[in-house]
Amino acid sequence: MGNLAVRALRAVLGVVLVGTVFVQVMMVWAFFTDPEDGSLPLTPMRVIVFLGMAAAQVALVCVGRLVAMVRRGTVFSHAAFRYVNGVIRAIVAAALLWFAVTAVNAPGQRDDPGVTVIMGGIGLAILGVALIVLVLRMLLAQAVARDAEATQMQAELDEVI
């Protein structure tokens, strides 16, 4: 991975991380200062948004750690699985939070249930992203096994020579 790409990705991750912290601070501030007007249950939505930002932050930190491992050339190790698992858990948490948003929003959509169905479909798509990352984790597991096998074979070859 090129040095420019690593710097650009770190900058993007940093900006998004700062943005999510800002949104969380605003949610806490709004929770205590902005009264509900009754049109939509704001308190559950604010809690869901706060938790969603926390899930995004977990994913951002894990991706940042994986980028650092790629830059150092240590991504093909068992330590990488902790961060990949963190990304998968964060995506699943985001999907569950999206389903919670759908459930909170559903009573207001009785006249147009298609919105709730579409929101449910978006939740399933988010779970699909978690499955894609799970497949990538399996590929990483194969690469780590191949790397360990190659290291062992190299050591045996060095003994012979």
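Residues numbered from 1 in each chain as written. Predicted model: local features only at pLDDT ≥ 70, side-chain atom pairs only at ≥ 80, totals over all residues. Heavy atoms only, no water.

Novice: Looking at this model, I keep getting lost on the overall build of the protein. Mind explaining?
Specialist: If you tally the helices and strands in the protein, you get four helices and zero strands. Secondary structure of the protein in N-to-C order comes out as α-α-α-α. For a compact globule of 161 residues, the expected C-alpha radius of gyration is about 15 Å, and the protein comes in at 21 Å, more than 25% above that figure. Overall, the protein is about 80 × 30 × 20 Å in size when its C-alpha atoms are taken along their principal axes. Across the 161 residues of the protein, 25% fall into the buried class. Pairs at least 24 residues apart make up 70% of the contacts formed inside the protein by residues separated by at least 6 positions. (Helix = DSSP H or I, 4+ residues; strand = E, 2+ residues; numbered from the N terminus. Rg over C-alpha atoms; globule rule 2.2 N^0.38 Å. Buried < 20%, exposed > 50% of the residue type's maximum accessible area, 1.4 Å probe, protein only. Contact = heavy atoms within 4.5 Å.)

Novice: How do you make sense of a positive patch on the surface when you look at a structure like this?
Specialist: Taken together, the side chains of Arg 10, Arg 65, Arg 71, Arg 72 and Arg 82 present a region of like positive charge at the surface. It is helix α2 (residues 42-72) that contributes the most residues to the positive patch, three residues altogether. Relative to the elements of secondary structure, Arg 71 occurs in helix α2. (Patch = residues over 30% accessible without salt bridge, like charges linked within 9 Å, V, L, I, M, F, W, Y side chains within 5 Å. Areas by Shrake-Rupley, 256 points an atom, 1.4 Å probe, with all protein chains shown as cover. Salt bridge = Lys/Arg side-chain N within 4 Å of Asp/Glu carboxyl O. Lys, Arg positive; Asp, Glu negative; His and termini not counted. Charge placed at Lys NZ, Arg CZ, Asp CG, Glu CD.)

Novice: Whenever I open this one, helix α1 (residues 3-33) confuses me. Can you help?
Specialist: In an α-helix there are 3.6 residues to a turn, and that puts residues three or four apart on one side. Taking 1.5 Å of rise per residue, 31 residues should cover 45 Å, and α1 covers 45 Å from first to last C-alpha, within 8% of that figure. When α1 is considered as a whole, its buried residues turn out to be Val 6, Leu 13, Thr 20, Gln 24 and Ala 30. Of the surrounding secondary structure, the elements contacted by the buried residues of α1 are α2. (Expected span 1.5 Å × (residues − 1).)

Novice: What is the right way to look at the nonpolar core in this model?
Specialist: In globular proteins that are soluble, nonpolar side chains generally tend to be buried together. Grouped together as the largest cluster of nonpolar side chains are 15 residues, with contacts concentrated most on Leu 66, Met 69, Ala 80, Val 84, Val 133 and Leu 140. Elements represented by at least two residues in this core include exactly α2, α3 (79-105) and α4 (114-160). It is α3 that provides the largest number of residues to this core, a total of seven residues. Sequence-distant contacts of Leu 140, that is, excluding residues within four places in its chain, are made with Val 75, Phe 76, Ala 80, Phe 81 and Val 84. Ile 48, Leu 97, Val 101 and Met 119 belong to the second largest nonpolar core, which has five residues in total. (Core = buried A, V, L, I, M, F, W, Y, C linked by side-chain atoms within 4.5 Å.)

Novice: Honestly, the confidence of the model for the protein in this entry has me stumped. Any pointers?
Specialist: As a general rule, the predicted coordinates of low-pLDDT regions are not to be interpreted in detail. The pLDDT averaged across the protein works out to 89; a share of 94% of its residues lies at or above 70. Ranking the elements of the protein by mean pLDDT puts α1 last with 88 and α3 first with 95. (pLDDT = per-residue confidence, 0-100.)

Novice: Just to check I follow, could you spell out α4 for this structure?
Specialist: Taking 1.5 Å of rise per residue, the 47 residues of α4 would be expected to cover 69 Å, and the 69 Å separating its terminal C-alpha atoms lies within 8% of that figure. For α4, the secondary structure elements touched by its buried residues are α3.

Novice: Just checking my understanding: could you explain the environment of Phe 99 for this structure?
Specialist: Following the sequence through the fold, Phe 99 ends up in helix α3. The class of Phe 99 is partly exposed, set by a relative accessible area of 27%. Ignoring any residue separated from it by four or fewer positions in sequence, one finds Phe 99 in contact with Gly 120, Gly 123, Leu 124 and Leu 127.

Novice: Help me understand the environment of Ala 54 in this model?
Specialist: In this fold, Ala 54 is placed in helix α2. Separated by 39 residues in sequence, Ala 54 and Ala 93 place their C-alpha atoms 9.6 Å apart.

Novice: Would you take a moment to explain the packing of α2 against α3 for this structure?
Specialist: Any two packed helices are characterised by the angle at which their axes cross and by the distance between the axes. At a minimum axis separation of 9 Å, α2 and α3 run at an interaxial angle of 160°. If you check the angle between α2 and α3, you find them roughly antiparallel. Relative to α3, α2 is oriented so that their crossing is left-handed. When its residues are assigned to classes, the contact of α2 with α3 shows 23 nonpolar, two polar and one charged. (Axes fitted to C-alpha atoms, helices over the stretch in contact; angles between N-to-C directions. Parallel < 35°, antiparallel > 145°, perpendicular 65-115°, else oblique. Left-handed = near helix turned anticlockwise from the far one by under 90°. Nonpolar A, V, L, I, M, F, W, Y, C, P; charged D, E, K, R; others polar.)

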